[in-house]
Amino acid sequence: MESFSVKNLQSPPRKSDTCLLGTQIFLRILATAFTLASTLIILTSKQTVTVFGLEMDARYSYSPTFKFFALANIIGCAFSVLSLFLAFVLGHKGFDPKHYFYIFLHDLIVMAVMLAGCAAATAIGYVGKHGEIHSGWMPICDHVSKFCHKVTNSVMLSYFAVICYLVLTIISANQSRRIQV
């Protein structure tokens, strides 16, 4: 009789898992680039103009909201780099669904922080552009248009990063469903 021995072979990663890892890495690189660009733009946004003989200075650091927005982008950029590193490491270790749950939590928290910063900056940007007549807040973007354009560009880039993290959260949530309990 022939004896059959069962070898403990680790199955190679499926093509879909490799494609999924490539997609995650690509989206994390995009999120890192968007948050880094948004951070650099908001940190360098300033303009000084003279209106009716008075010098008016607009800087991101004058608004607690824009400070929070800049900090949210810095956090998003740092955690994007961290998650990119983790995606590389976990991709080489193997495709365990448990890892996707932790990545899901990470992506969800970063997306929430980024979205909060974007929403706050959007609200203040709207008031800066259109004013709030009932409260007596006048629009300032007529006078400091360069500053307003830089802030608008920064917020748009940050929203692109939020979209990247939304897709990453959906991917991670879908992959974590395969956890065997």
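From a predicted model like this one, the values you see are computed outputs, not experimental measurements.

(A) Representation of the overall build of the chain within the structure. Within the chain, the regular secondary structure consists of four helices and two strands. Element order for the chain, N to C, with α for helix and β for strand: α-β-β-α-α-α. Burial status across the chain gives 37% buried among its 181 residues. For the chain, contacts bridging at least 24 residues in sequence account for 83% of all contacts bridging at least 6. When the accessible surface of the chain is split by element, carbon and sulfur atoms take 69% of a total near 11500 Å².

(B) Quick look at the side chain of S38. One can find S38 in helix α1 (residues 15-43). In contact with S38, not counting residues within four places along its chain, are F69, N73, S154, L157 and S158.

(C) Region of interest: the confidence of the model for the chain. Overall, the predicted model of the chain reaches an average pLDDT of 85, with 86% of residues at or above 70. Within the chain, the lowest mean pLDDT, 82, falls on strand β1 (residues 46-51), and the highest, 93, falls on helix α4 (residues 145-176). Contacts for the low-pLDDT stretch residues 5-12, under 50 throughout, to residues beyond four places or in other chains number zero contacts.

(D) Structural context of the nonpolar core. Formed by 29 residues in total, the largest nonpolar core has its most connected members in I42, F66, F69, V144, F147, V151 and Y165. Residue assignment for this core shows that the elements contributing at least two residues are α1, β1, α2 (64-93), α3 (97-130) and α4. The dominant element in this core, judged by the number of residues it contributes, is α4, at ten residues. When sequence neighbours within four positions are dropped, the list of residues in contact with Y165 reads R28, A31, G76, F79, S80, S83, H106, D107, V110 and M111.

(E) Structural context of the environment of I41. Along the chain, I41 falls in helix α1. Judged by relative accessible area, which is 23%, I41 ranks as partly exposed.

(F) Looking closely at the packing of α2 against α4. Packing of α2 against α4 leaves a shortest axis separation of 11 Å and a crossing angle of 35°. As α2 runs across α4, the sense of the crossing is left-handed. Residues F66, F69, N73, G76, F79, S80 and S83 of α2 lie in contact with α4, whose contacting residues are F147, V151, S154, V155, S158 and Y165. Within the contact of α2 with α4, the residues separate by chemical class into seven nonpolar, six polar and no charged.

(G) Molecular detail of the pattern of salt bridges. According to the stated counting rule, one finds two salt bridges in the structure shown. Close ionic contact of R28 with D107 constitutes a salt bridge, the shortest N to O distance being 2.9 Å. Here the residue R28 occupies a position in helix α1, and D107 occupies one in helix α3, the gap between them amounting to 79 residues. Residues R28 and D107 agree in their burial class; the two are buried. The salt bridge partner of R59 is D57, with a shortest N-O separation of 2.9 Å.

(H) Quick peek at the packing of aromatic side chains. For the coordinates displayed, the defined rule picks out four aromatic pairs. Centre to centre, the rings of F34 and F160 are 5.5 Å apart; their planes meet at 45°, and the pair counts as tilted. Here the residue F34 occupies a position in helix α1, and F160 occupies one in helix α4, the gap between them amounting to 126 residues. On the accessibility criterion, F160 (41% relative accessible area) is partly exposed. For the pair F66 and F147, a centre-to-centre distance of 6.2 Å together with 70° between the ring planes defines the contact as edge-to-face.

The rules behind each value
Residues numbered from 1 in each chain as written. Predicted model: local features only at pLDDT ≥ 70, side-chain atom pairs only at ≥ 80, totals over all residues. Heavy atoms only, no water. Helix = DSSP H or I, 4+ residues; strand = E, 2+ residues; numbered from the N terminus. Buried < 20%, exposed > 50% of the residue type's maximum accessible area, 1.4 Å probe, protein only. Contact = heavy atoms within 4.5 Å. Areas by Shrake-Rupley, 256 points an atom, 1.4 Å probe, with all protein chains shown as cover. pLDDT = per-residue confidence, 0-100. Core = buried A, V, L, I, M, F, W, Y, C linked by side-chain atoms within 4.5 Å. Axes fitted to C-alpha atoms, helices over the stretch in contact; angles between N-to-C directions. Left-handed = near helix turned anticlockwise from the far one by under 90°. Nonpolar A, V, L, I, M, F, W, Y, C, P; charged D, E, K, R; others polar. Salt bridge = Lys/Arg side-chain N within 4 Å of Asp/Glu carboxyl O. Phe/Tyr/Trp six-rings, centres within 6.5 Å; stacked < 30°, edge-to-face > 60°.

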